[in-house]
Every structure is written in C-alpha cells, then in structure tokens.
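These are the residues of each chain, in order.
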Amino acid sequence: MAKLFVLLVIILGVIALAQLMRVYELSSKLTNKKENEITNRDNRLNAKLMLGFMLFLFIGFIWLMLKYGWTGRGPAASVHGEQTDWLLNLNFVIIIIVFFLTNALLFVFAWKYVKKPGVPAFYYPHNNKLEMVWTVIPAIVLAVIIILGLRSWNEVTDDAKDDAIRVELFSYQFNWNARYAGVDNKLGKYDYKLTDDASNPLALMTTETIDKSIELMTSGPNGIEDLEAKLNDPKLVFSDKIRTEMEERLARKEQLIRLLHQMKARHTGETDKQAMDDFITDTLFLCKGENYEFTFRSKDVIHSAYIPHLRAQMNTVPGAITRFKLTPSMTTQEMREEKNDENFNYILMCNKICGGAHYNMNMIVVVLDKAEYKAWWKLKTEGAKDPANSKMYTTFPATFGESYYKTLQSAQEEMQKELDAAKVAEEVEGEEGEDAEGGEVEGAPAA
Amino acid sequence: MGAVAHEAHGHHDDHGHHEESFVSKYIFSQDHKMIGKQFLMTAVFMGVVAMLLSILFRIQLAWPGEESEFLSFFLGSDWAPNGVLSEDMYLGLVTIHGTIMVFFLLTGGLSGTFSNLLIPLQVGARDMASGFLNMLSYWFFFISSVLMFVSLFVETGPAMAGWTIYPPLSALPTAVQGSGMGMTLWLFSMSIFIASSLIGSLNYIVTVLNLRTKGMSMTRLPLTIWAFFVTAILGVLSFPVLLSAAVLLMMDRMAGTSFYLSDIIVQGEMLTQHGGSPLLYQHLFWFLGHPEVYIVLLPALGLSSEIISTNSRKPIFGYRAMIGSILAIGFLSFIVWGHHMFVTGMNPFLGSVFVFTTLLIAIPSAVKVFNYITTLWRGSIVYTPAMLFAIGLVSTFITGGVTGIILADSALDIAIHDTYFVVAHFHIVMGMSAVLGMFAGVYHWFPKMYGKMMNTRLGYAHFWITLIGAYGVFFPMHFVGLAGAPRRYYDYSVYESFDGSTFEMMMDLNVIITIFAIIAALGQILFLFNFFYSIFRGPKAPQNPWRSNTLEWTTPVEHIHGNWPGELPTVHRWPYDYSKPGQEEDFVPQTVPLAEGEEEH
Ligand code: HEM
Ligand SMILES: [Cu+2]
Ligand SMILES: [Cu+2]
C-alpha cells in the first residue's frame, strides 16, 4: 500500500513537472527568452546564493565543531598518541585556515564579479610573479608539515625497548585473542599447521602439539584415514561435488602431513619452554606507563587492529607478522572520569573489511594501574611455575578474560574473587604438601 | 594527411547518399559523437543504480535494524529479511556502489563521454583515429556494465570485499559468500572494462597527437584536451597493472596458485598455499588505484577550466601553469600509491618516501585552485548551470583536498586510516568534484550533443540541491571518522556497549547524513527529467550558445559525419581570448586570424 502510494506520488510529481515545463516553454516563447541567455536577474540571484551557501558551509562547520568537540576526538590515551594529537591539531589549524580562506575567496569572487551590464571583464592571462608566490608558499608550509610528520613517524615506528612487554594479537573471523609472552617475556613459536581449535587455537609449537597434530591429521575425525575409508567404502554414496571436495581435502591433508613430519624431524624442543608459559586472553589488559611491543597475526583474511583512543592501528596479515609499539598513558578508570561515563571501555576494533560480521569484531581493552595489573599478572602466570600444570594456553578460551568483558568494576570484583579462590587453593595445596614452591612471582612488570 | 579523402566523405553524408541504417547510426555507430552519447547514457544508468544502492545502505546506517518497506521492496526477503538489510548484502551494496561510481560512472562515463565528444571536435578532426576501435571500446564498456549489474542478482550475492577487493577475502568463497560467483563476475567485468579503457585511451592519445588541425599546436589546445590527453596516458600506463593483479587473483581462485595466499585456515579448512603475500596485491592494486583517482579527476578539472573561463568571460589564468600542473599531477600520481598502505606493516622508511611524494602533489593542486580563483577575479560571470557546477567543483576540490594533507601524513594516518574521515575525504575530493564536473560538462555541451537546450531553471534547482546535499552528506562524515568510526561497518550501534557518548554522536550524525543523502538523490530526478525531456522537446540550440572560442562551436548544430561540412577549420590563436582589449566582441574564436599587430596572448 505504502509502495503504491510512493509510486503514485512520484508519477504525479513527474507529470506535474512536465506540465510546469510546458507552461514555462510557452511563456518563454511569448517573451522570447532563450535558455542560453541568462538574465541579469538570474545572474544576481545565483551570485547571492553563492554568498549564502558560503555562510551555510562555514556556519555548519562551526556548529559541528561546537557540538561535537573541536575535531570530534576525546583525549589520547597513549604516549605517542599525545604527540599524534598535537601534530593533528597543528595540521588542522593549517588546513582549516586554508579551507576558510580559499573557499571565502572563491565564493566572494563568485558573488562580487557577477556580470554587470556595461562592465567588461579584465583581460588578465597570467602573472608569473603571482604564480611563483602561490607555488612557493604552499611548498614551504608543506615542508614544515613533512618534517614534523616524519619525525613523529620515525619515533612511532622505531624498534621497541628491549624490556617492552611482548603481546601477540591474534585475529580470525570474527574475534580477537591476546597472547602474552608470560614470565620469560618471549613469545613461543607457532606454525599455522598446528592449529586445533579445541586444544591449540593459536597453533603454538611444542613437541607435544606437533605430535598431537600429526595424530589428528592421520587418524582424527576427518583425518586422512577417515577420509580414505569413507572414499573407499562401497556402501557410501556421495554426490560428485561432495566426492570431489573430499578428494581435494584428502590431497591437502596428505600434503600437510608430509610437512608436519618434516617439522617434527627438525624440532628439537629447545623452544618449547617459551611457548609453555604463554597465556591467552580474550580481553586485552594493559598497564599504564608500561612499554608494549605488539605483534599481529591473522588466521584467515586481513584484519586490522584499531584502538582509536590509543591512536594505534596495524593490519594483521595472514602469512606475515606485523608489529606496533605503544605505551598507555591513561587507565580505563581515568578515561571514565574524563568522559564522565562509567560504562566506558577502550576498544580494539577490526578495521579492515573481513566478512559479514566485520562490524562486530572487537575486543575490550582494559588499562589498569600498576598495582591492579600486577595482581592480574600474578594470577595469570602463577601456574607457570610448575611445569606439570604450565600449559596455560590450553585453558582456552580463557574464562578469566571473559569475566572482564563488561565493566572494570565487575571485573575487579571477579578478580578479587579469583584471587581469594586461588589463595584458598594454595593453602589447601600447601597443607597437602604437594606443592612446595610458591611465594614470589617472577616476570611481573618492573614497577 | 588524408584530408581529401575525408573531405569527400564529409560531402557524401551531407547529401545523404548512403542512408545510414538505424543499427549503424544508433547502435554500432563508429561516429565519435554518437559513441560519446552512448557512453553517457550507459553511465547515467549505472550512476542511478549506484546512487540507489547508497541510499539502501544509508537507510541501514541511519536506522539500524529498523524495518523498512523500501529495503524489502528492492532487496526482497533473501537480502532484507523482514525489511532489515542483511550483513553480507550490506557489504555487497557498498562494494558495487564504490565500483560502479569509480569505474563505470566516473572513468567510463566521464572520460568516455567527453573525450569522445570533445577530442575530435576541439582539435579539429573528422573523427577519432580509429572509429572501429572506438566502437569496440564502447561495446566492451557496455558488456562489462551488464556483467557488473547482473552480479547484483546472483544467488550468493555480488562481490563483498570492498571495491578494492583485497585478497584473501576476495579469494576465498568460504570467507564471505560474495567471493563466489559474485567475485568471478566482478573480475570478468573489470577485465573487460580494462580492455575497453585501454582501447579508448590509445585512441585518444593517437588522435590528440596526430589529428590536430592546421595551426592547432599543443600550446593552443584547450585545457580540456590536455586533461583528456594526460588522463589517457595515465590509463594506458596503470590499467594493465590492475589487469595483472586481477589475473593473478583469478589464478589463486581457480588454479590453486599462491600469489596472494599464505598459511590460511578458513572455516576450519586448512589450506596448503604458502609463501604468497596479500600485500603484493595491494601494491599492484594501488599502482592503478592512485592514478585512477586522477583519471577520475583530471577530466573534470579540464572541463571546468573551459567552462569557468568561458563564463567568466576571461582567459583562464596561467594557461601554461595549468598545463604544467596537469603534467606534474600526472607524473606524481604514479609514485604515491604507498600512502594507502601505511598501516599494512610496510617498511617505515618506504612509508616516509611516500609521505614526501604524496605531499608534493598538493603543490600543483594548490596552483590549480589559485588559478581558478584568479580567473574569477574581475570577471564578468554569467551563471549558466554549467558555471554553477564548475564553481561547486572548485569548492569541493579545496575542501576535500585539504584533508588529504592529514591522510598523507603517515604519523597521523595511523589514527584515522580506514575511518569515515577517509570516506569523507575521497567522496568530496574525488566523488563530488568529478560528479560536479561531469554535470557541468553535460549542461555545457548538451547543445553540442543533442542540438537542444536544457532548461536553465531546472538546472539551477538541480545544482543547489546537489551542492547542499553533497556537503550535508559528506561534511559530517569527517566528525564521525575522527571519533574513530571504522568504515565498511554495517551497524554503528555496537558502540553502545562500550562508548555511550560516541554512540549518540554517531547515531545523530548518521541520521543527518542519510536525510541529506535522500534529498540529494531526489534532486537528481530534476536532472534526469530535464535531460530526457530536453533531448526530445528542448528548444533548438543556437550555433554558439555560450559565445565560446573553441572549435566545436563552429560545427553545424545538426550532427554530420566528419563534423565540418567543408574544409577543416584553421586555428590562429589560443582558445582563451575572452574580453581581449581592442576586440569588438568579448570573445574571439580560435579560427579568427590575428589582426595586424595583435599579439598572441
Ligand atoms: C548519493 C551520494 C553518495 C552517498 C550517499 C555515498 C555514500 C557512501 C557510503 C556511506 C559509503 C560507505 C563507506 C564505507 O563504509 O566504507 C560509500 C562508499 C564508497 N563510495 Fe559513495 N556515496 C555517494 C556517492 C559516491 C560517488 C559520487 C562516488 C564516486 C567516487 C562514490 C564512491 C565510493 C567509493 C569508492 C566507496 C568505497 C566503497 C568501498 O568501501 O569498497 N560514492 N559511499
Ligand atoms: Cu576483521
Ligand atoms: Cu592515493
């Protein structure tokens, strides 16, 4: 019904327009008006509209600035971000001046020099001096912009300090995980062929995970043996399409298993320890004032880790590692006070088109102060002391991270609870005398 | 050259000896004027489609998750169940919108229409160097348009990887459904499009170099021709690279190669491809992609140079500087592609080089702007609809250009790359400038194309609605982007769960943007009506409606094969002798010999 109505309105509109045109044509025939001869009235009207439009543009811009903050951003929450903002503001001042000035010249001239009967245009084909001026001035301004920009760029992209905390951000359709390097601050090796969504989602490489992968690939569900059996079973009937798919899958697995065996032959186990103490979370916890060196990986397509408040962004590229370093300078709590919004959270958003749920691929980022962070770190690394229960990465998905998802406050409560629980467990264990070790935690960030 | 043969040919048609059949006149025509009109018609159709797509997804952005009759009317229950756009189709619409706008409307449509129409007419040639290749160029364009349009109706949807179709997303049908049949059609369509563009460009280059009439030296060419000429060279040098990128992608998709793929697990399936690099694709793509924005923009700037000079009744200021800046922009556009890749993990030093080259382009661009403004200064401006659009172009070129300075600065790009700030920037500087330039061209040369006049008043209304609408759509997007909104997001209400104030701002602005977009889109009905109505019922055009100097206005209003009935005109001066002191009229056509003692500008 509504459709019909809209259609009707459009049709009637067009007919009305056609009728108006008729009338217009007749009247211009009567007055001998020609379309190519613009009347003084029309000229003046458009000239005034030019001026009016300029006001609309300028006032609109100023209104937007007043309403949404001078350029629509909150404060930067990282050390380099503060510098970025300084530079951004400087550049904005320059371009806003140019914007106002040149647009004003354009529209004012468009208004002022409209045709006036009897006033001829001024024949003025060129003026080399003038042209020189407006080549050189932009060149000088740009030189300043380039120099300042590159200085900042070099600092931002420079190598991280040696003691920077290493964290890997892992992306896949449609989520993020963070892998912390653990006590040794060394991220364990990985190889995508070792991926097993249940036990080793980030494909860390240890003697054990290699063996497990070989086993899964050979005799797991949909493994080589399974596929061969299905394909050779005369009792099973598949459509051509499915059969081809299965054959292709089998061929891929046969290729991959050879590579896995090669990997096993070369693997010495020396680096296993580095992987053992890595732990994985689905919320990114950072410590204010601490240096971080992030590396990025992708499982499937290109994603991009964009943390707007920290002015950080880097693509994650399948088959390659990218990196970015930063130092948070404002805790979540501080930003909440600043924004006067107690539900606010920093966010890491996917910023490279990656499929249907691209818009919903994000991870909460929590910046803690030193004490809070230390407590959290202690909890996450405790298990690493004991080699027997040190495979922290296998406790995926890290339930601990999930409880931090909503707000910092509830997160803190959770943390306290878990800390208490851990303490109780420790006491119990101590009583039973199974775990002699305890005490200090190593690898927590130096305060 | 073969002037005699051509002459005879010209006469032939004049007497109507061999009646042209409908097919050879209107369909498989080899006449550049008809081919230009064919390009225009196809582009107008594609432009309307792309605009409609943008309205569809803008409705989703402004009122996420709300039922819309409009959406279910166009998309049906598959892609808009219960009148709510589906996530995948959102990406499909954005992708096809961008592709059509950039390639089909503003590359095929703009260059195709005006290079074809104006190059022979303004250099004084009977036709393009090769009429047959020219016809082929159009029909390739037509086929590729049909393929691209048809891809919207494929069961698994059109391509959904963005107009830049970055692999691996575009290579893996399991990653998003549009990377199946839809992407295959996209790749075929674009390959054919590239062939069309190459044939066309070669033809334009040869025509400009070889078929100029007597006296038409390179420094007497109108700036339109300079712009088309440089555009064609850019196209010839860069489009083959896009073709190679597309071919490698097809191989990855169909032949199991690993040019762009490495170590991928998608939908639980472990792929064996190893050693490829998705960044290779990006380098290849942007080696075309950046020159492409100038392929879109330069013709618009050329058209507006001509229109601004004519309607200010003044010579274009700094003719040689204008040519110089076209050449400089053309050259520099080949060494700046890396500014699209600052955050891909590219070597930071390489990034610095691209910062430098990119910011250099601002200089010739600034020169062009100042020259336009000085051309207006102390002019005697006549507001034809074309003139309005040309001035609008200068404004959007400024407004969109200055934000480019921020994006080119790699240290700042980190914070705003791939956000709505970028969307605002390129829509204003490339999209709006080129669209306004194209409208200016249509209004100005309509009398030459159809021998009829368009209605001026409707033109005015169309212009003001379009300009206000365009700024209303794209200006607020800067603020959305600076607040950190990533582009290609289906629903910004995700912000609600972590940043309430930004959420509110985005929802407010998105509604404003969509309302302006709908107004601007409705405004285009005025144009479409005026255009088609005037083709059939417009008043007859006079010989030289805008009192212009260039050669096309010396040809008869009724089109003839070979353009000039008699001899080809001889050129004696540059095209910008407007309001020259000591002359009777305020314009002196290029065919008027220099008077005794008169200086050429
Ligand atoms: C009615 C006018 C238009 C509106 C409302 C509009 C709106 C939009 C919006 C909202 C997007 C999505 C941005 C994103 O999420 O990344 C977009 C993308 C795009 N538009 Fe437009 N646009 C319009 C006209 C144009 C024109 C004239 C051009 C010509 C250059 C153009 C070229 C593009 C391109 C290249 C993209 C990027 C597509 C992609 O991300 O793959 N648009 N447009
Ligand atoms: Cu993603
Ligand atoms: Cu570019």
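All figures in this text were calculated on a predicted structure; none of them were measured in a lab.

K.L.:
So what exactly am I meant to see when it comes to the overall build of chain A here?
P.N.:
From N to C terminus, chain A includes twelve helices and ten strands. Out of the 447 residues in chain A, the part that is buried amounts to 48%. Considering only intrachain contacts with a sequence separation of at least 6, the fraction spanning at least 24 residues in chain A is 71%. Accessible surface for chain A amounts to roughly 22400 Å². Of this, 60% is attributable to carbon and sulfur atoms.

K.L.:
How do you make sense of the overall build of chain B when you look at a structure like this?
P.N.:
Of regular secondary structure, chain B possesses 16 helices and two strands. In terms of overall size, chain B behaves like a compact globule, its C-alpha atoms giving a radius of gyration of 24 Å where 601 residues would be expected to give roughly 25 Å. Its C-alpha atoms give chain B principal-axis dimensions of roughly 80 × 50 × 50 Å. Across the 601 residues in chain B, those meeting the buried criterion constitute 70%. When the accessible surface of chain B is totalled, it reaches about 17900 Å², and 67% of it is carbon and sulfur. Side chains of chain B give 24 positive and 38 negative charges; the mean places of these two sets differ by 14 Å.

K.L.:
Before we go on, may I ask you to explain helix α6 (residues 224–232) of chain A in this structure?
P.N.:
Residue and element names in this part refer to chain A. For α6, every residue scored as buried is listed here: Ile224, Leu227 and Leu231. The buried residues of α6 occupy an angular sector of 70° when the element is viewed end-on, so they sit on one face. Contact partners of the buried residues in α6: α5 (207–219) and α7 (240–266).

K.L.:
I keep staring at the site of ligand 1 and nothing clicks. Help me out?
P.N.:
Residues and elements named next belong to chain B. Neighbouring residues of ligand 1: 24 residues in total, closest His97, Trp163, His427, Arg487 and Arg488. A distance of 2.9 Å separates a nitrogen atom of ligand 1 from a polar atom in the side chain of histidine 97. Note that an oxygen atom of ligand 1 is positioned 2.6 Å from one of the backbone N or O atoms of arginine 488. Of all the secondary structure elements, the ones that give two or more residues to the shell around ligand 1 are α3 (32–62), α5 (87–123) and α14 (420–450). Looking at side-chain class alone, the shell around ligand 1 contains 15 nonpolar, six polar and three charged residues.

K.L.:
Is there a simple way to explain the pairing of strand β2 (residues 175–180) of chain A in this structure?
P.N.:
When a strand is regular, its side chains alternate between the sheet's two faces. Residues and elements named next belong to chain A. In terms of burial, β2 is largely enclosed, as five of its six residues are buried. Where strand β1 (residues 165–172) meets β2, six bridges bridge the pair, whose relative direction is antiparallel. Among the inter-strand pairings, serine 171 is bridged to a residue of β2, identified as tryptophan 176. Counted between consecutive antiparallel strands, the loop separating β1 from β2 contains two residues. Sheet topology note: the β2/strand β3 (residues 279–281) ladder contains three bridges and is antiparallel. Paired with alanine 178 across the two strands is threonine 281, which belongs to β3.

K.L.:
Which parts of the structure should I look at to understand the nonpolar core?
P.N.:
Soluble globular proteins tend to pack their nonpolar side chains together in the buried interior. Membership of the largest hydrophobic core comes to 296 residues, with the highest contact counts inside it found for Tyr180, Leu284 and Tyr373 of chain A together with Phe103, Phe114 and Tyr383 of chain B. The leading source of residues in this core is α14 of chain B, at 21 residues. Look past the residues within four positions of phenylalanine 114 of chain B in its chain and what remains in contact with it is Ile119, Phe228, Leu303, Met438, Gly441, Val442, Trp445 and Met449 of chain B.

K.L.:
Please clarify how the coordination of the copper ion (ligand 3) should be interpreted in this entry.
P.N.:
Residues and elements named next belong to chain B. Protein-derived ligands of the copper ion (ligand 3) are His290 (ND1), His339 (NE2) and His340 (NE2), with the metal-ligand distances lying across 1.7 to 2.0 Å. Of note, the copper ion (ligand 3) draws all its donor residues from one chain, in the sequence arrangement H-x48-H-H. Of this pair, histidine 290 sits in helix α9 (residues 278–312) while histidine 340 sits in the loop between α10 (319–332) and α11 (348–376), and the two are 50 residues apart along the sequence. Judged by relative accessible area, which is 7%, histidine 290 ranks as buried.

K.L.:
What is the right way to read the packing of helix α7 (residues 181–210) of chain B against helix α8 (residues 223–254) of chain B from this model?
P.N.:
The relative placement of two packed helices is expressed as an angle between their axes plus a distance between the axes. Residues and elements named next belong to chain B. The geometry of α7 relative to α8 is characterised by a closest axis approach of 8 Å and an angle of 155° between their N-to-C directions. Here α8 runs roughly antiparallel to α7, going by the angle between their axes. In the packing of α7 onto α8, the handedness of the crossing is left-handed. Partitioning the contact of α7 with α8 into residue classes produces 25 nonpolar, five polar and one charged.

K.L.:
Would you explain the interface of chain A and chain B in this entry?
P.N.:
When the parts of a complex come together, some accessible area is lost, and that lost area is often used as the size of the interface. Taken together, the 122 residues of chain A in the interface contact 138 residues of chain B. Across the interface of chain A and chain B, roughly 11500 Å² is buried in total on both sides, 69% from carbon and sulfur atoms. On the chain A side of the interface with chain B, the three residues burying the most area are Tyr123, Trp153 and Tyr359 of chain A, jointly 8% of the side's total. There are five salt bridges connecting chain A and chain B. Aspartate 499 of chain B serves as the salt-bridge partner of lysine 339 of chain A, at 3.4 Å between the closest nitrogen and oxygen.

K.L.:
What's the story with the coordination of the iron atom of ligand 1 in this structure? I'm lost.
P.N.:
Note on metal sites: the ideal angle is 109.5 degrees for four tetrahedral donors, and 90 or 180 degrees for six octahedral donors. Residues and elements named next belong to chain B. Distances from the iron atom of ligand 1 to its protein donors, His97 (NE2) and His427 (NE2), fall within 2.0 to 2.1 Å. For the iron atom of ligand 1, the six donor atoms are set out with angles of 84 to 178° between them, so the coordination reads as octahedral. Taken as a pair, histidine 97 in helix α5 and histidine 427 in helix α14 lie far apart in primary sequence, 330 residues in all.

K.L.:
Could you clarify how one ought to interpret the packing of aromatic side chains in this entry?
P.N.:
Each aromatic ring pair is described using two quantities: the centre-to-centre distance and the angle formed by the ring planes. Counted under the stated rule, the structure contains 86 aromatic pairs over all chains. Centre to centre, the rings of phenylalanine 53 of chain A and tyrosine 471 of chain B are 5.5 Å apart; their planes meet at 45°, and the pair counts as tilted. Here phenylalanine 53 of chain A, found in helix α2 (residues 40–68), pairs with tyrosine 471 of chain B, found in helix α15 (residues 456–482), and the two come from separate chains. When sorted by exposure, phenylalanine 53 of chain A lands in the same class as tyrosine 471 of chain B, which is buried. Over the face of the ring belonging to tyrosine 190 of chain A we find arginine 297 of chain A, whose NZ or CZ atom lies 3.6 Å from the ring centre.

K.L.:
Sorry, what's going on with the sheet that holds β1 of chain A here?
P.N.:
In any sheet, the strands associate via hydrogen bonds between backbone groups, in a parallel or an antiparallel arrangement. All names here are of chain A. One open sheet accounts for five strands, arranged β3-β2-β1-β5-β8; its pairing is mixed. Every interior strand has two partners, whereas the edge strands, β3 and β8 (322–326), have only one. Neighbour-to-neighbour, the strand axes of the sheet open up by a mean angle of 25°, direction not taken into account.

K.L.:
Please clarify how the sheet that holds strand β10 (residues 362–368) of chain A should be interpreted in this entry.
P.N.:
Residue and element names in this part refer to chain A. With mixed pairing, the five strands of this open sheet are ordered in space as β4-β10-β9-β6-β7. Each edge of the open sheet is held by one strand with a lone partner, namely β4 (284–287) and β7 (312–316). Taking the axes of each pair of neighbouring strands and ignoring which way they run, one obtains an average angle of 20° across the sheet. Alignment of strand β6 (residues 303–307) against β7, held across five bridges, turns out to be antiparallel. Note on β7: the bridge partner recorded for serine 304 is asparagine 315. Across the face of the sheet, helix α10 (residues 370–381) comes into contact with β4 and β10 while running at roughly 130° to β4.

Thresholds applied
- Residues numbered from 1 in each chain as written.
- Chains lettered and ligands numbered in written order.
- Predicted model: local features only at pLDDT ≥ 70, side-chain atom pairs only at ≥ 80, totals over all residues.
- Heavy atoms only, no water.
- Helix = DSSP H or I, 4+ residues; strand = E, 2+ residues; numbered from the N terminus.
- Buried < 20%, exposed > 50% of the residue type's maximum accessible area, 1.4 Å probe, protein only.
- Contact = heavy atoms within 4.5 Å.
- Areas by Shrake-Rupley, 256 points an atom, 1.4 Å probe, with all protein chains shown as cover.
- Rg over C-alpha atoms; globule rule 2.2 N^0.38 Å.
- Lys, Arg positive; Asp, Glu negative; His and termini not counted.
- Charge placed at Lys NZ, Arg CZ, Asp CG, Glu CD.
- Arc of directions from axis to C-beta.
- Near = heavy atom within 4 Å.
- Polar contact = N/O pair within 3.5 Å; in protein donor to acceptor, adjacent residues only side chain to side chain.
- Nonpolar A, V, L, I, M, F, W, Y, C, P; charged D, E, K, R; others polar.
- Pairing = 2+ DSSP bridges.
- Core = buried A, V, L, I, M, F, W, Y, C linked by side-chain atoms within 4.5 Å.
- Donors = N, O, S within 2.8 Å, 3.2 Å for Na, K, Ca; no water.
- Axes fitted to C-alpha atoms, helices over the stretch in contact; angles between N-to-C directions.
- Parallel < 35°, antiparallel > 145°, perpendicular 65-115°, else oblique.
- Left-handed = near helix turned anticlockwise from the far one by under 90°.
- Buried area = accessible area lost by both parts, 1.4 Å probe.
- Salt bridge = Lys/Arg side-chain N within 4 Å of Asp/Glu carboxyl O.
- Tetrahedral: all angles 85-135°; square planar, octahedral: opposite > 155°, others 65-115°.
- Phe/Tyr/Trp six-rings, centres within 6.5 Å; stacked < 30°, edge-to-face > 60°.
- Lys NZ or Arg CZ within 6 Å of the ring centre and 35° of its normal.

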